[in-house]
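Coordinate analysis (summary)
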Amino acid sequence: MIRVVVADDQALVRAGVRMMLEAAGDMEVCGEAADGAEAVRLAGRHRPDVLLMDLRMPRVDGLEATRRILALDPAARIVVLTTFSEDANLYAALRAGALGFLVKDDPPDRMVEAVRRAAVGEPLLAPSVLRRVVERALTAERAVVPLPGSLTEREVQVLTLVGMGLSNAEIGDRLHVGVTTVKSHVAGIMDKLALRNRTQAAVVAHRFGLVDAEFNALDPPRGGRRGGM
């Protein structure tokens, strides 16, 4: 059973989300928060598999709550709930470590599938949204940095495909390996590069010069180890 905390200042939204998720049969809402402070408390109390976080809430907003939760538990899986896909705080939340976002008027099946994917650490960003996140994150520094020598050749391949916005299943198809193997490589990359999620990994892939502005793979820059599989 996937355990979820829903944080939104509107009771009707929380009730609707609860109904949609629990109707799926493999999820339960273990807590509801009307503001960010309560979301932080419930995240610590319940340790949910996924936390759905509205950005615009009183007292403590969703962005600050996301930062506080991830500071206490870097493995927390937070999905932002927003009304507008262009919300400026959305990108700040993703950079802070949120897994992705859902627009509140998305259809119920998308929300259910998004929570399932978030529960196993899958990204929740369409390539077009990921492109905007990457562009914003790279604004301050455009220079390509060398690959760290700790990454193996296979890890570089996986990181490149993460940077292109591919899911674990899509990466597995490209590399002709199983999803479990892809997850293992992604976990290794996250550990070696001290990353919280795939959005941050995608940004890093661009900073390493592995992916171009149109999200096509490039030849890896010099500086990294070209090791074994």
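Everything in this summary refers to the structure shown in the same document. The shown structure was predicted, so the numbers you read here are calculated from the model rather than taken from an experiment. (Residues numbered from 1 in each chain as written. Predicted model: local features only at pLDDT ≥ 70, side-chain atom pairs only at ≥ 80, totals over all residues. Heavy atoms only, no water.)

Here the focus is the overall build of the protein. Helix and strand counts for the protein stand at ten helices and five strands. Taking all 229 residues of the protein together, the buried fraction comes to 52%. Taking as baseline every contact in the protein between residues at least 6 positions apart, the subset at least 24 positions apart corresponds to 67%. Here the protein displays about 10,500 Å² of accessible surface, and carbon together with sulfur accounts for 52% of that area. (Helix = DSSP H or I, 4+ residues; strand = E, 2+ residues; numbered from the N terminus. Buried < 20%, exposed > 50% of the residue type's maximum accessible area, 1.4 Å probe, protein only. Contact = heavy atoms within 4.5 Å. Areas by Shrake-Rupley, 256 points an atom, 1.4 Å probe, with all protein chains shown as cover.)

Before going further, it helps to spend a moment on the sheet that holds strand S1 (residues 2-7). Strand order in the open sheet made by the five strands is S2-S1-S3-S4-S5, with parallel pairing throughout. At either margin of the open sheet sits one strand with a lone partner, and together these are strand S2 (27-33) and strand S5 (100-103). On average, adjacent strands in this sheet sit at an angle of 25 degrees to one another, irrespective of strand direction. Summarising the sheet, strand S4 (residues 78-82) and S5 pair through four bridges and their orientation is parallel. Within S5, the position partnered with Leu81 by the bridge is Leu102. (Pairing = 2+ DSSP bridges. Axes fitted to C-alpha atoms, helices over the stretch in contact; angles between N-to-C directions.)

Moving on, we get to the side chain of Ser167. Along the chain, Ser167 turns up in the loop between helix H7 (153-163) and helix H8 (168-175). Once residues lying within four places of it in the same chain are set aside, the contact partners of Ser167 are Arg117, Glu122 and Arg198.

The next point concerns the packing of H8 against helix H9 (residues 179-193). Relative orientation and spacing of two packed helices are given, respectively, by the angle between their axes and the distance between those axes. At a minimum axis separation of 8 Å, H8 and H9 run at an interaxial angle of 105 degrees. Our classification of the angle between H8 and H9 gives roughly perpendicular. Across from Asn168, Ala169, Ile171 and Gly172 in H8, the residues of H9 making contact are Val179, Val182, Lys183 and Val186. Class assignment for the residues of the contact of H8 with H9 results in five nonpolar, two polar and one charged. (Parallel < 35°, antiparallel > 145°, perpendicular 65-115°, else oblique. Nonpolar A, V, L, I, M, F, W, Y, C, P; charged D, E, K, R; others polar.)

Position of Gly165 relative to the elements: it lies in the loop between H7 and H8. Expressed as a C-alpha distance, the spacing of Gly165 and Leu130, which sit 35 residues apart in the sequence, is 7.0 Å. The residues touching Gly165, leaving out its near neighbours within four places in the chain, are Leu130 and Glu170.

Now for the pattern of salt bridges. With the rule as written, the count across this model stands at 13 salt bridges. What you see here is one network of salt bridges that share partners, running through Arg14, Arg18, Glu22 and Glu32. (Salt bridge = Lys/Arg side-chain N within 4 Å of Asp/Glu carboxyl O.)

Let us now look at helix H5 (residues 108-119). With twelve residues, H5 should reach 16 Å at 1.5 Å per residue; the first-to-last C-alpha distance of 17 Å fits that figure. Those residues of H5 lying buried are Met111, Val112, Ala114, Val115, Ala118 and Ala119. For H5, the arc enclosing every buried residue in end-on projection is 160 degrees, short of the 170-degree limit, so these residues lie on one face. Phi for Gly121, located one or two positions after H5, is positive at around 85 degrees. (Expected span 1.5 Å × (residues − 1). Arc of directions from axis to C-beta.)

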